[in-house]
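# Examination of the molecular architecture
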Amino acid sequence: MSKQEFKAESKRLLEMMINSIYTQREIFLRELVSNASDAIDKLYYRALTDDQLVFNKEDYYIKVTADKASRTLTIADTGIGMTKEELENNLGVIAKSGSFAFKKENELKDGHNIIGQFGVGFYSAFMVADEVTVVTKALGSDEAFKWESTGTDGYSIEPCEKDSIGTEIILTIKKNTEDDQYDEYLEEYRLKSIIKKYSDFIRYPIKMDIKGQRPKADSENEFEEYQEEQTVNSMVPIWRKNKNELTQEDYDQFYFEKRYGFDKPIKHLHISADGAVVYNAILFIPENTPFDYYTKEYEKGLELYSNGVLIMDKCSDLLPDYFSFVKGMVDSEDLSLNISREMLQHDRQLKLIAKNINSKIKSALLSILKDERDKYESFYKAFGRQLKFGVYNDYGVNKDVLQDLLLFYSSKEKKLVTLDEYVSRMSEDQKYIYYASGESIERIERLPQTELVSDKGYEILYFTDDIDEFAIKMVSKYKDKEFKSVSSGDLGIEPDAADNESAAEEAQHKDLFEQMKTILNHKVKSVKASKRLKTHPVCLSTEGEVTIEMEKILKAMPGSQDVKADKVLEINVNHEIFQSLKAAYEQDKEKLGLYTSLLYNQALLIEGLPLQDPVEFTNDICKIMV
Ligand code: ADP
Ligand code: MG
């Protein structure tokens, strides 16, 4: 028997292959099982055109057997087998795919299942094996052949005995080294889990002899070892099944088995798309946030299958960040994979799928919002923050996708409402969508700044999340209505008679307010008579874009610049304290100083802002008590 050298380019490729194409060794089994499945498929396609050949699905299977004593792992199939020439051509020349040629010859296009296309998968066996032996007998042939190779040094082919048609791939598994473990590829449970992971949906049974223990028939506490042939793969993926054959339990079970999460998803989407791009997908919207969800560690992504074979655990390109909570899988025949199946070569199809999925998720969420409000609210409690980040990020490019998914607590409804609901309730004279920011609903309820807007009967949205105000700045307008903070200078509310009076008073007290401003030493931009206060004596409002809540949040961010809101101290001139203030202004300048700084500090406290000098503040209070 003479040894054949691999063709020169093949040799280089083989070295590359063993060392670098695949990042995970375990995928060798996926490749060999896929080849076995292809070989059975080829018989099946032959039978379609050949009357002599009968294809009984039950007779076709793949068998995986490990033998620790001889360190061999065998992958046997009852497929089409290979002739001597095919062995030479398909296994002697790397990067030559018999399967690709078969597809071409037989003009198989849509709906085919054959996986092979690059002609390199077979060689991944050398990542875990010192030696690979292929024993094969082709359909319609009387002779069997044995192909043997220890890797780069070449291969040999010789005749041998084999009873039935098909192929056996026998790997002699490498010995463990200090750095690398290979023994695991002889362990039943490990092999089973690799098959489950990558090849669960191969259409033919993948069988293994599974060892177990059972009580002896004639004894209660004695056990005996036994061995049983089991089919390890599920074969028909749930996503290829018809939707009406599946129950809610089937989907829940799938979610659980796939370990997408420990909760019960609030919704599943089963998509079978056959438009511009053909794919199947099952997606889940979880109920709870995973513990690491709002951390850097959380990795978004969907499982990606090509023709039922797992290609990627977490394909992040399939999901935008704002829908990063979605779990599930996508299976498509249309993907152009690179040779290691680890990267996608051209992502045009993938982009199309991602776009498609994105809009399906959005409509699913909208329909939950419409039809199952409670469910949506509990979803929103878990993931609303992520949606708001989505609105804010990238300068608001995604606001149109997301704004209708937002909810905010309403002062009137005392529950979460959508922007659309808010706008539809706006009265004709109402110019803006009003909001108030604060730490909690309770705190906002007590903010003096809300008084005028509430008195007018307008609804106020409560922003309690630090991202809220920033996100809304990005939305800027909803159905042509601008957003307005209740603390902003111009509330756009028409002055009534009383307000005109206060404007007049404003002019009258101009000098008092100027003095107060001087006393406060430019801590505020101005002091003025308030138009919004009804019962409270004092509050802060802001001019310009930056509100006080925003200032607080920006200050709390690491490395933040010193962003400041332009604050205005508003005084309720109808309040009793104003008389004291006026009296002090006329008679006692020292008292005016005391009152001014007291009122300013009170306003800070109401806003939840720190006092610059708490000791001075308490001393001031003592001064009036004495
Ligand atoms: P690919 O599967 O991408 O074509 P592989 O390197 O995995 O490339 O396999 C090379 C070729 O060897 C296959 O195209 C096929 O023609 C042949 N082959 C491999 N394994 C088998 C098998 N179990 N039965 C029959 N032919 C096989
Ligand atoms: Mg292959």
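Definitions and limits used
- Residues numbered from 1 in each chain as written.
- Chains lettered and ligands numbered in written order.
- Predicted model: local features only at pLDDT ≥ 70, side-chain atom pairs only at ≥ 80, totals over all residues.
- Heavy atoms only, no water.
- Helix = DSSP H or I, 4+ residues; strand = E, 2+ residues; numbered from the N terminus.
- Rg over C-alpha atoms; globule rule 2.2 N^0.38 Å.
- Buried < 20%, exposed > 50% of the residue type's maximum accessible area, 1.4 Å probe, protein only.
- Contact = heavy atoms within 4.5 Å.
- Pairing = 2+ DSSP bridges.
- Axes fitted to C-alpha atoms, helices over the stretch in contact; angles between N-to-C directions.
- Parallel < 35°, antiparallel > 145°, perpendicular 65-115°, else oblique.
- Left-handed = near helix turned anticlockwise from the far one by under 90°.
- Nonpolar A, V, L, I, M, F, W, Y, C, P; charged D, E, K, R; others polar.
- Lys, Arg positive; Asp, Glu negative; His and termini not counted.
- Salt bridge = Lys/Arg side-chain N within 4 Å of Asp/Glu carboxyl O.
- Phe/Tyr/Trp six-rings, centres within 6.5 Å; stacked < 30°, edge-to-face > 60°.
- Domains from an automatic or database assignment.
- Buried area = accessible area lost by both parts, 1.4 Å probe.
- Arc of directions from axis to C-beta.

Looking only at helices and strands, the protein chain features 19 helices and 24 strands. Since a compact globule built from 626 residues should have a radius of gyration of about 25 Å, the 36 Å found for the protein chain marks it as more spread out than a globular shape. Oriented by its inertia axes, the alpha-carbon framework of the protein chain measures out at about 120 × 65 × 50 Å. Taken over 626 residues, the protein chain has a buried fraction of 51%. In the protein chain, of all internal contacts separated by at least 6 residues, the share reaching a separation of at least 24 is 68%.

For the rest of this paragraph, the subject is the sheet that holds strand S24 (residues 566-571). Taking strand neighbours across the sheet as the criterion, the three strands line up as S22-S24-S23 in an open arrangement whose pairing is mixed. Both outer strands of the open sheet, strand S22 (526-529) and strand S23 (538-543), are each paired with one neighbouring strand and no more. Here the strands of the sheet are splayed against their neighbours by 35 degrees on average, with no regard to which way each runs. Taken together, the six bridges between S23 and S24 define a ladder with antiparallel strand orientation. Residue pairing in the sheet places Glu 543 in a bridge with Asp 566 of S24. Across the sheet, helix H18 (residues 589-607) lies against S23 and S24, angled at about 70 degrees from S23, the strand it touches most.

In a pair of packed helices, the angle between the axes and the distance between the axes together describe the arrangement. Packing of helix H8 (residues 373-392) against helix H13 (residues 468-475) brings their axes to within 8 Å, and their N-to-C directions diverge by 45 degrees. When the interaxial angle is binned, H8 and H13 end up oblique. As for the relative orientation of H8 and H13, their crossing is left-handed in sense. Two secondary-structure elements touch here, H8 through Lys 388, Val 391 and Tyr 392 and H13 through Asp 468, Phe 470, Ala 471, Met 474 and Val 475. Its residues assigned to classes, the contact of H8 with H13 shows six nonpolar, no polar and two charged.

The next point concerns the environment of Gln 227. Relative to the helices and strands, Gln 227 is located in strand S8 (residues 223-231). Beyond its immediate stretch of four places on either side in the chain, Gln 227 contacts Asp 209, Ile 210 and Lys 211.

Turning to the side chain of Asp 292, a few remarks are in order. Residue placement: Asp 292 occurs in the loop between strand S10 (278-285) and strand S11 (302-306). For the buried Asp 292, no salt bridge exists, and the shortest N-O distance to an oppositely charged side chain is 6.9 Å, to Lys 327. Look past the residues within four positions of Asp 292 in its chain and what remains in contact with it is Glu 297 and Tyr 298.

By the definition in use, this model includes 33 aromatic pairs. Taking 5.1 Å as the distance between ring centres and 85 degrees as the angle between the ring planes, the aromatic pair formed by Tyr 293 and Phe 383 counts as edge-to-face. You can see Tyr 293 sitting in the loop between S10 and S11 and its partner Phe 383 sitting in helix H8, a full 90 residues away along the chain. Aromatic side chains Tyr 376 and Tyr 380 sit 6.1 Å apart centroid to centroid with 25 degrees between the ring planes, which places their arrangement in the stacked category. Of the two residues, Tyr 376 and Tyr 380 are both situated in helix H8; the distance of four residues between them amounts to about one turn of the helix. Neither residue differs from the other here; Tyr 376 and Tyr 380 are each classed as buried. In this structure an aromatic cluster arises from ring pairing among Tyr 293, Tyr 294, Tyr 298, Tyr 322, Phe 323, Phe 325, Tyr 376, Phe 379, Tyr 380 and Phe 383.

As for its placement among the helices and strands, Glu 469 is situated in helix H13. This buried residue, Glu 469, is left without a salt bridge; Lys 473 holds the nearest opposite charge, at 5.1 Å. In this structure Glu 469 touches Tyr 435, Ser 437, Phe 463, Ser 485, Thr 547, Glu 549 and Met 550, once residues within four positions along its chain are discounted.

What follows deals with the domain arrangement of the protein chain. For the protein chain, the assigned domains are domain 1 (2-231), domain 2 (238-376), domain 3 (407-485) and domain 4 (497-625). Listed as interface residues are 16 residues of domain 3 and, on the opposing side, 19 residues of domain 4. For the domain 3 face of the interface with domain 4, the top three residues by lost area are Gln 449, Glu 451 and Phe 470, together amounting to 35%. Our enumeration of links across domain 3 and domain 4 arrives at one salt bridge. The partner of Glu 545 in a salt bridge is Lys 473, with the nearest N and O atoms 3.9 Å apart.

Within helix H6 (residues 248-257) the residues assigned to the buried category are Tyr 251, Asp 252, Phe 254 and Tyr 255. For H6, the arc enclosing every buried residue in end-on projection is 160 degrees, short of the 170-degree limit, so these residues lie on one face. H6 presents Glu 249, Phe 256 and Glu 257 as exposed residues on the side facing more than 90 degrees away from its buried surface. Close packing links the buried residues of H6 with strand S9 (267-274), S10 and strand S13 (327-332). Looking at the residues trailing H6, positive phi occurs at Arg 259, about 55 degrees.

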